[in-house]
Amino acid sequence: MVFDATMTMTRMDEITAAAEVWHVDADETQAMLIDGVYGAAEALGFSRDGLVLHAGQGLAGAVLARRVPVLLRELDREAFEGSEAAAASGVVAAIGIPVFDEEKLTAVLVVMFRGNPGMVGGVELWVGRRGRVELGLTEAYYAGLERFGKISKYVNFPIGSGLPGMAWAIGAPRLITGLGKSQAFLRSSGAESAGLVTGFGVPIVHRNELLAVMLWLSSRATPLARWHQVWESSDGRVESLRCVAADGVGSGEVKSEKLKVKSREGVGSGGAELQAAITAAVREAGQRRMPVVFDDVSAQGLEGVGLGEVKSEKLKVKSVEGEQGNWGGAKPQAAGWGGRGGRVLGGFALPVLRHDGVRAVGVMAW
Amino acid sequence: MDRYVEIVNLVKAYPNPVGEAIRVVDGFNLNIRKGEVVSVIGHSGCGKSTVLTMVAGLNAITSGDVVVAGSVISGAGPDRAVVFQSPCLLPWLTSFGNVMLGVKRVYPHATRQERKEIVEYYLSLVGLADAMNKYPREMSGGMQQRVGIARAIALKPKMLLLDEPFGRLDSLTRMDLQDVIMGILNREKITTMVITHDVDEAVYMSDRICMMTNGPRARVGQVLDIPFDRPRDRRAVLEHELYYDLRGCLIDFLEKFDKHKHVGKGDGREGMSGDDDVRGDGKGVELAGAMDMMLGLPADDNAEMSLKISDMATGVVGTAEVLSLAEVSDGV
């Protein structure tokens, strides 16, 4: 199948609507919006330009006051600044994630979500319980995941178990693809029933101590993020950051920074422009020790979507199933990226910091 | 008290034939609140019973700690009463006599009449008011297990450890005894760990269910909160809107590990076959092994076992006595 440009571009039916970076001042009394990506919700972006919130005010202010992640399942006027503009863009929920540099809270990453009928996906916050030997679900936003959510609040994971426990154990983002069949994702049966395919867990830490694990759960049809990457640094230096895991549309595993991909189900490797944007965002996030957002990046040149095997950094695809073509035999409507015309609407790089440098950076793009 | 019982990084390793330590249980962590009932569920051989026997003090801990009410355990004690699959009653004693064994130990200063009343109270609690003078051979398996339960509760333990206590009983008797134990726990609020294979039993009886991964290197894989109020009514539990979702969650977990039992996948720590009964190279039978031998016998064989016990390590006898599983007289 040949790529059809008319199928594409920005739409209001992405679950993830926007991401913002808020800078916290030195005495931690106020947060200032310094960057944001809004995709199709341009009006929302304009309405928020130059916002400053004091501690306790709005979502970023709530994170500032409480110094923990805050997830809002409903956006009312008191809890979320500019709730009317958000509602006009279809935004129904948001999460605020604190980023600490040593003792100091330096930034808040805010991500907003839509909840149109038919959307399937979720964001969860898992925190320590029972003397911190287990992680339990403390807050979640679910779209089309009522049954999955109903039972999840009774589930707890010890360190090392399940996606939250694994992210906790390694202290870095963890990616699981093919959730429905995954041995590592312990709620796989529920995930399969709900149509979830990808889980991404990010530890939120303060001075090496876990505050929470944030999970992004994506379906194939309406993913929260179409692209996830985990970059880790072995020695805390930004220069040492290496991509250790990534996906695109299907299940894939990046084996090196050169993006040699050997797939199990499909492969995910972006075009050069997208990968360059991600790499730049990762480095910047590491250097500034802050979240970084990016948007409107071309994913043209994206090959290897679908069932195939990428054998080199040139991203040559050996198709093993389906029609031959630009997409390596993929069916774009199932493959996600293909159906969107190869443009990234938004994304962010979120650093996991430790006292002596950068432990890891998690990347999500939609 | 969120941490009335703390099981911290519990490890059990046995040497293999070439002397390498094989970790049957590897880093088991669990905190239990005072009065909470926690079931441990997992496939046969995953190490559930190994964990229980370590908590009971019947099986040496390779590393890690078990803390009960603020004290680190160092061996068996009447503060942790155990009910095994087999009741292990002493065949030469009546049900009254079997329960009295423990009562004498934990009420050393009580008068004869007070002890008698205590024994009668606990036997009545398990529905044996009319069978106090019966010998084990005169009782059904269910009745014998009731005596075993009364004997354990009479120790006034801080923690009750139930190792598949209904495993040998028919369905109806099993349900009866589940209700007997539930009634006692509702009244006495004893912190309890139950080892079971039975998903429905776990959901009905527990406040939380701890699911273990397959051994070797078994650990806690997932813990499920059971949000049903107490006291529980079986019919109300079965009709609860969450019942089948909770049950499904347990079955999903068990199926996941069953499917992969012999195929190492995932994070590399799970999926291998294992066996509770791994005991290394057989050099030196551990206390738990000896206890298992003794406790694994049908009730009718206990008389024969009582003759063999003199051949066992004195520690075994001592432990059995502490748990009221044996009677030791001068000269024995």
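Our structure is the block above this text.
Here is a short report on the structure shown in this document.

Conventions used here
- Residues numbered from 1 in each chain as written.
- Chains lettered and ligands numbered in written order.
- Predicted model: local features only at pLDDT ≥ 70, side-chain atom pairs only at ≥ 80, totals over all residues.
- Heavy atoms only, no water.
- Helix = DSSP H or I, 4+ residues; strand = E, 2+ residues; numbered from the N terminus.
- Buried < 20%, exposed > 50% of the residue type's maximum accessible area, 1.4 Å probe, protein only.
- Contact = heavy atoms within 4.5 Å.
- Pairing = 2+ DSSP bridges.
- Axes fitted to C-alpha atoms, helices over the stretch in contact; angles between N-to-C directions.
- Core = buried A, V, L, I, M, F, W, Y, C linked by side-chain atoms within 4.5 Å.
- Polar contact = N/O pair within 3.5 Å; in protein donor to acceptor, adjacent residues only side chain to side chain.
- Salt bridge = Lys/Arg side-chain N within 4 Å of Asp/Glu carboxyl O.
- 1 Å grid on protein atoms, 1.4 Å probe; cavity = no way out; pocket = protein on both sides within 12 Å on 5 of 7 lines; lining within 4 Å.
- Points joined across faces, edges and corners; volume = space filled by probe spheres on them.
- Nonpolar A, V, L, I, M, F, W, Y, C, P; charged D, E, K, R; others polar.
- Buried area = accessible area lost by both parts, 1.4 Å probe.
- Parallel < 35°, antiparallel > 145°, perpendicular 65-115°, else oblique.
- Phe/Tyr/Trp six-rings, centres within 6.5 Å; stacked < 30°, edge-to-face > 60°.
- Lys NZ or Arg CZ within 6 Å of the ring centre and 35° of its normal.

Scanning chain B from N- to C-terminus turns up 11 helices and 10 strands. Per-residue burial for chain B yields a buried fraction of 54% across its 332 residues. Across chain B, the fraction of contacts at a sequence separation of at least 24, relative to all contacts at a separation of at least 6, is 72%.

A separate point is the sheet that holds strand 14 (residues 242-247) of chain A. All names here are of chain A. Read from one edge of the open sheet, five strands run 14-13-21-20-15, paired in antiparallel fashion. Of all the strands in the sheet, just strand 14 and strand 15 (292-294) have a single pairing partner and so form its edges. The average angle at which neighbouring strand axes cross in this sheet is 15°, direction not considered. The pairing of strand 20 (residues 347-354) with strand 21 (residues 357-365) spans eight bridges and is classified as antiparallel.

Let us now look at the nonpolar core. Ranked by internal contacts, the top residues of the largest apolar core, which has 146 residues, are M214(A), W216(A) and F348(A). Y4(B), V24(B), V25(B) and V220(B) belong to the second-largest nonpolar core, a separate cluster that totals 33 residues.

To continue, consider the side chain of N29(B). Residues and elements named next belong to chain B. Take N29: it is sitting in strand 2 (residues 21-32). Side-chain polar atoms of N29 contact the backbone nitrogen of N9, separated by 2.7 Å. A polar contact of 3.4 Å, which involves the side chain of N29, links it to the backbone oxygen of G27. Among all residues touching N29, those that are not within four sequence positions of it are I7, V8, N9 and V220.

Now for the sheet that holds strand 2 (residues 30-37) of chain A. Residues and elements named next belong to chain A. Pairing is antiparallel across the open sheet formed by six strands, whose spatial order is 3-2-1-6-5-4. The sheet is open, and its two borders are formed by strand 3 (52-54) and strand 4 (70-72), each paired with just one other strand. Adjacent strand axes in the sheet meet at a mean angle of 25° when their direction is disregarded. Contacting strand 1 (16-24), strand 2, strand 3, strand 4, strand 5 (91-101) and strand 6 (104-114), helix 2 (residues 58-66) runs over the sheet at an angle of about 35° to strand 5.

Turning our attention to helix 2 of chain A. Residues and elements named next belong to chain A. Of all nine residues that make up helix 2, seven are buried, and the element is covered over most of its length. Among the residues of helix 2, those classed as buried are G58, L59, A60, G61, A62, V63 and L64. In this structure, the buried residues of helix 2 make contact with strand 1, strand 2, strand 3, strand 4, strand 5 and strand 6.

This part is about the pattern of salt bridges. Under the defined criterion, the tally for this structure stands at 35 salt bridges over all chains. Here K150(A) ties to D245(B) by a salt bridge, and the two come within 3.2 Å at their closest N and O atoms. Residue K150(A) is located in helix 4 (residues 146-152), and its partner D245(B) is located in helix 8 (residues 243-259); the two belong to separate chains. Exposure remark for K150(A): the relative accessible area of 31% places this residue in the partly exposed category.

Below, the discussion takes up empty space enclosed by the protein. All names here are of chain A. By the definition in use, this model includes six cavities of 30 Å³ or more. There is about 90 Å³ of room inside the second largest cavity. If you trace the second largest cavity, you find it lined by I97, P98, V99, F100, V202, P203, I204, V205, L350, P351, V352 and L353. Listing elements by their share of the lining of the second largest cavity, those giving two or more residues are strand 5, strand 11 (196-206) and strand 20. In the lining of the second largest cavity, the residues fall into 12 nonpolar, no polar and no charged.

Let us look at the interface of chain B and chain A. Many structure descriptions define interface size as the accessible area lost when the parts assemble. With 28 residues of chain B at the interface, the matching set in chain A holds 24 residues. When chain B packs against chain A, close to 2,300 Å² is buried across both sides, 50% of that on carbon and sulfur atoms. Area buried by chain B at its contact with chain A is led by D225(B), D245(B) and K256(B), which between them contribute 24% of it. If you look at where chain B meets chain A, you find four salt bridges. If one sorts the elements of the side of chain B that touches chain A by residue count, helix 8 of chain B sits on top with seven residues. Looking at chain direction, strand 9 (residues 155-158) of chain A and strand 10 (residues 220-225) of chain B are connected through two bridges and run antiparallel. Residue N156(A) lies in a different strand from strand 10 of chain B, and its bridge partner there is V223(B).

Okay, the packing of helix 3 (residues 112-125) of chain B against helix 5 (residues 171-188) of chain B next. Residue and element names in this part refer to chain B. Where helix 3 contacts helix 5, the two axes come as close as 10 Å, and the packing angle between them is 125°. It follows that helix 3 is oblique to helix 5 by the angle criterion. Here Y121, Y122 and L125 of helix 3 lie close against helix 5, whose contacting residues are V180, I184, R187 and E188. Looking at the contact of helix 3 with helix 5, its residues break down into five nonpolar, no polar and two charged.

You can see I176(A) is positioned in strand 10 (residues 174-177). Since its relative accessible area comes to 6%, I176(A) is described here as buried.

All names here are of chain A. Here strand 7 (residues 121-129) pairs with strand 8 (residues 134-143) via nine bridges, running antiparallel. When the sheet's bridge partners are listed, G121 is paired in strand 8 with A143. Sheet topology note: the strand 7/strand 12 (residues 209-219) ladder contains six bridges and is antiparallel. When the bridges of strand 12 are listed, E124 appears paired with L215.

Take the packing of aromatic side chains next. All told, the structure shown has 10 aromatic pairs over all chains when counted by the stated rule. Considering the side-chain rings of W126(A) and F157(A), the 5.2 Å spacing of their centres and the 50° angle between planes classify their relative orientation as tilted. In this pair, W126(A) sits in strand 7 while F157(A) sits in strand 9, placing the two residues 31 residues apart along the sequence. The class of W126(A) is buried, set by a relative accessible area of 0%. Clustering of aromatic rings is evident, with ring pairs tying together F113(A), Y141(A), W216(A), F348(A) and W366(A). The side chain of R137(B) reaches across the aromatic face of Y135(B), ending 4.9 Å from its centre. The ring of Y204(B) carries the charged tip of R234(B) above its face, separated from the ring centre by 4.1 Å.

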